[in-house]
Amino acid sequence: ELYKKVRELVESHLETTIAHSLPSKTGDALLTTLHKHWLKYNLVAKWVRKVFMYLDQYYTTRPAIDCLTSMCMKCFKKTVFEKIKGNLRDVILQNIEAERGP
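Residues numbered from 1 in each chain as written. Predicted model: local features only at pLDDT ≥ 70, side-chain atom pairs only at ≥ 80, totals over all residues. Heavy atoms only, no water.

### A look at the nonpolar core
A general trend in soluble globular proteins is that nonpolar side chains are found buried together.
Part 1 of the reasoning: Membership of the largest hydrophobic core comes to 23 residues, with the highest contact counts inside it found for V10, L14, Y41 and V80.
Part 2 of the reasoning: Secondary structure elements with two or more residues in this core: α1 (2-19), α2 (27-51) and α4 (68-100).
Part 3 of the reasoning: Per element, the largest residue contribution to this core is 9 residues, and it comes from α4.
Part 4 of the reasoning: Beyond its immediate chain neighbours, meaning those up to four positions away, L14 contacts A19, Y41, C75, F76, T79 and V80. (Core = buried A, V, L, I, M, F, W, Y, C linked by side-chain atoms within 4.5 Å. Buried < 20%, exposed > 50% of the residue type's maximum accessible area, 1.4 Å probe, protein only. Helix = DSSP H or I, 4+ residues; strand = E, 2+ residues; numbered from the N terminus. Contact = heavy atoms within 4.5 Å.)

### Overview of α2
Part 1 of the reasoning: With 25 residues, α2 should cover 36 Å at 1.5 Å per step; its first-to-last C-alpha distance of 36 Å lies within 8% of that length.
Part 2 of the reasoning: At its buried positions, α2 is contacted by α1 and α4. (Expected span 1.5 Å × (residues − 1).)

### What to know about the side chain of H37
Part 1 of the reasoning: Examined against the element boundaries, H37 turns out to sit in helix α2.
Part 2 of the reasoning: When residues no more than four places from it in sequence are discounted, the contact partners of H37 are T17, I18, S21 and L22.

### A word on the packing of α1 against α2
Part 1 of the reasoning: Contact pair α1 / α2: the axes reach a minimum separation of 12 Å and the direction vectors enclose 160 degrees. The orientation of α1 with respect to α2, classified from their angle, is roughly antiparallel. For the pair α1 and α2, the sense of crossing is right-handed. Contact residues: V6, V10, H13, L14, T17 and I18 in α1; H37, Y41, V44 and V48 in α2.
Part 2 of the reasoning: For the contact of α1 with α2, a count of residues per class yields 7 nonpolar, 3 polar and no charged. (Axes fitted to C-alpha atoms, helices over the stretch in contact; angles between N-to-C directions. Parallel < 35°, antiparallel > 145°, perpendicular 65-115°, else oblique. Left-handed = near helix turned anticlockwise from the far one by under 90°. Nonpolar A, V, L, I, M, F, W, Y, C, P; charged D, E, K, R; others polar.)

### Brief notes about α4
Part 1 of the reasoning: An ideal rise of 1.5 Å per residue puts 48 Å on 33 residues; α4 reaches only 40 Å between its terminal C-alpha atoms.
Part 2 of the reasoning: At K85, α4 shows its largest kink, close to 60 degrees.
Part 3 of the reasoning: Following α4 by one or two positions, G101 adopts a phi angle in the positive range, close to 80 degrees. (Bend = angle between axes of the 7 residues up to and from the residue.)

### With respect to the confidence of the model for the protein
Part 1 of the reasoning: The predicted model of the protein has a mean per-residue pLDDT of 88, with 96% of residues at 70 or higher.
Part 2 of the reasoning: Mean pLDDT values for the elements of the protein range from 74 in helix α3 (residues 53-59) up to 92 in α4. (pLDDT = per-residue confidence, 0-100.)

Here is the structure:
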């Protein structure tokens, strides 16, 4: 029950603080904003792991349950990355093309 609540809280945090701000970004602004949010999210994930250390050590030892680190990364992928991966790929390819030159 607590594990599910933590996951819901993490997903809610991602939706309200990160996912809604990225789709409107394009070009280098998307990369810069994503990088900034990724660094902040890693700090949040670190504190989730520290606060719920007991949960991570004893509850997540079951084979069907991800440790908190994996759960946080999967939540980021599902909630943020899946929504912007097409635009992100295009921006990265444009930057590679620009760097290579004519």
